[in-house]
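Spelled out from the first residue to the last, the chains are:
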Amino acid sequence: MTTTESPADFLARARAQVLDQGVGLNQDDVLRVLQLDDEWVPEVLALAHDVRMQWCGPTVEVEGIVSLKTGGCPEDCHFCSQSGQFQSPVRAVWLDIPSLVEAAKETALTGATEFCIVAAVRGPDERLMEQIGKAVEAINAEVEINIACSLGMLTPEQARQLSDWGIHRYNHNLETARSYFTNVVTTHTWDERWETLRLVHAEGMEVCCGGIVGLGESLEQRAEFAAQLAELNPAEVPLNFLNPRPGTPFGDLPVMEGKDALRTIAAFRLALPKTILRFAGGRELTLGDLGAQQGMLGGINAVIVGNYLTTLGRPAAADIGMLLELNMPIKSLTKTL
Amino acid sequence: MSDLMQTFCTQCGEESAGLHADCAMQAVLSPPRYCGDCGRRMKVQVTPLHWVAVCSVHGEITG
Ligand code: SF4
Ligand SMILES: [Zn+2]
Ligand SMILES: [Zn+2]
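On a predicted model such as this, the values are computed, not experimentally measured, just so you know.

What follows concerns the interface of chain B and chain A. Of the residues lining the interface, 18 residues belong to chain B; the matching set on chain A comes to 30 residues. Both faces combined, the contact of chain B with chain A buries some 2100 Å², and carbon together with sulfur accounts for 56% of it. Sorting the residues of chain B by area buried against chain A places L29, R41 and P48 of chain B first, and these three jointly supply 33% of that buried surface. In this structure, the connection of chain B to chain A is made through 0 salt bridges. Across the contact surface, chain B and chain A share 11 residue pairs in polar contact (both at pLDDT 80 or more). Broken down by secondary-structure element, the contributors of at least two residues to the side of chain B that touches chain A are β1 (43-47) and β2 (50-55) of chain B. Taken together, the residues of the side of chain B that touches chain A sort by class into 10 nonpolar, 5 polar and 3 charged.

Okay, the nonpolar core next. I117, I139, F268 and M296 of chain A are the most contacted members of the largest nonpolar core, which has 102 residues in total. Counting residues per element, this core draws most heavily on helix α9 (residues 258-271) of chain A, at 8 residues. When neighbours within four sequence positions are excluded, I117 of chain A is seen to be in contact with V66, L68, L100, I132, A135, I139, I147, A148, C149, S150 and L151 of chain A. By size, the runner-up hydrophobic cluster in this structure holds 9 residues, among which are C35, C38, W51 and A53 of chain B.

We now examine the packing of aromatic side chains. Residue and element names in this part refer to chain A. Tallying each qualifying case throughout the model produces 2 aromatic pairs over all chains. Between W190 and W194, the ring centres sit 5.3 Å apart and the planes meet at 25 degrees, which makes this aromatic pair stacked. Of this pair, W190 and W194 are both found in helix α7 (residues 190-202), 4 residues apart, which corresponds to roughly one turn of the helix. With 6.0 Å between their ring centres and 65 degrees between their planes, F225 and F268 make a pair best called edge-to-face. With F225 in helix α8 (residues 219-232) and F268 in helix α9, this residue pair connects regions lying 43 residues apart in the sequence. Both residues of the pair, F225 and F268, belong to the buried class.

To continue, consider the environment of H49 of chain A. Here H49 of chain A is to be found in helix α3 (residues 41-55). Setting aside residues up to four positions removed in sequence, H49 of chain A forms contacts with M296, L297, G298, G299 and M328 of chain A.

Residues and elements named next belong to chain B. If you trace the 3 strands from one edge of the open sheet to the other, you get β1-β2-β3, paired in antiparallel fashion. Strand pairing shows two members of the sheet lacking a second neighbour, β1 and β3 (59-62), which therefore form its edges. Between one strand and the next, the sheet's axes are offset by a mean angle of 15 degrees, whatever the strand orientation. With 4 bridges connecting them, β2 and β3 associate as antiparallel partners. Note on β3: the bridge partner recorded for C55 is G59.

What follows covers the packing of helix α2 (residues 27-34) of chain A against α8 of chain A. Residues and elements named next belong to chain A. In the contact formed by α2 and α8, the axes pass within 8 Å of each other and the chain directions differ by 130 degrees. On the basis of their axis angle, the class for α2 and α8 is oblique. Here the hand of the crossing between α2 and α8 comes out right-handed. Contacts from Q27, V30, L31 and L34 of α2 reach α8 at L219, E220, R222, A223, E224, A226 and A227. Across the contact of α2 with α8, the residue classes break down as 7 nonpolar, 1 polar and 3 charged.

The rules behind the values
- Residues numbered from 1 in each chain as written.
- Chains lettered and ligands numbered in written order.
- Predicted model: local features only at pLDDT ≥ 70, side-chain atom pairs only at ≥ 80, totals over all residues.
- Heavy atoms only, no water.
- Contact = heavy atoms within 4.5 Å.
- Buried area = accessible area lost by both parts, 1.4 Å probe.
- Salt bridge = Lys/Arg side-chain N within 4 Å of Asp/Glu carboxyl O.
- Polar contact = N/O pair within 3.5 Å; in protein donor to acceptor, adjacent residues only side chain to side chain.
- Helix = DSSP H or I, 4+ residues; strand = E, 2+ residues; numbered from the N terminus.
- Nonpolar A, V, L, I, M, F, W, Y, C, P; charged D, E, K, R; others polar.
- Core = buried A, V, L, I, M, F, W, Y, C linked by side-chain atoms within 4.5 Å.
- Buried < 20%, exposed > 50% of the residue type's maximum accessible area, 1.4 Å probe, protein only.
- Phe/Tyr/Trp six-rings, centres within 6.5 Å; stacked < 30°, edge-to-face > 60°.
- Pairing = 2+ DSSP bridges.
- Axes fitted to C-alpha atoms, helices over the stretch in contact; angles between N-to-C directions.
- Parallel < 35°, antiparallel > 145°, perpendicular 65-115°, else oblique.
- Left-handed = near helix turned anticlockwise from the far one by under 90°.

Here it is as structure tokens:
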């Protein structure tokens, strides 16, 4: 890149590289996208959409997430209302297996093919692994849906066990750029998270790894994060926008501007042309209904439907209706065995 | 439990006849966290299509 390259020339170069060759943008070019003036946002969103259609196709993967164990987490992720270290209104509670199966059934009825079981823990203990084993068996007996898990940091044995149970994808977010991580979490390191992701990959599960933008990171760090995710090359990247939760250290941070959120979506798609890029938490707040549509037409090809772990989402029917309106078919079930 | 009867804000747990204006905005994307009758922090479970909030004294509300 030369410093004199105009936005139009830059986007033409990005098009030739990402759309035609399927090669993601590097960190400097991702930063360039994040720094584009507002007038260029529609164009970069259109390019990101073309890239998604070219390399991922028109289908949208729909997922429901559910918290098996809520709250009381010993870690201190500064955005998280489930940390036991902050004065958050979220109380610790476990979901029983029948309720979990019910949630999986309701999720499947929306058309979702993914059901992710999440626990607010540093990593699983024996009790949690036992519950997961029972949950997987109970869900498989009654519901046609892919089961994913997000249970924190794993030992090699736990990763193998989850893989043996048929967990097809494991979520573990790096959350933010490596250089910003210590501003967000102090109880474990970015590298510890990376190690779990390596184990997940080694056990043959799909890697799901994303994070949250709007944590106070600079645009340079946001670009760094996209580049680090591209290096990891996960099957899925869930993209959250900070929803500042009362009582957490980040509770007073501003909600990200809609235009910034859209630039981020396009930038992540252009860094990761072939990944499943999922709209996750915070989009209702940052983007509203219109922005959600713009995001779907700007590189996103997956959604979390309904509620999140402790907060509420748009009604599932609103999202499914939006996909219909946009003529984007919902990805159908292919059980990975 | 109706909002009219409430003596505590269900988002912040402080005494208030119903939700505070700020808390009402929060409530669009957040289930109740405190009992409107007694202000106790409730056990809340959120699933993709529902939520259940339980006060140890006043019982369960759902949405
Ligand atoms: S490890 Fe997960 S549940 Fe625990 S504080 Fe961090 S984000 Fe929240
Ligand atoms: Zn209040
Ligand atoms: Zn009560």
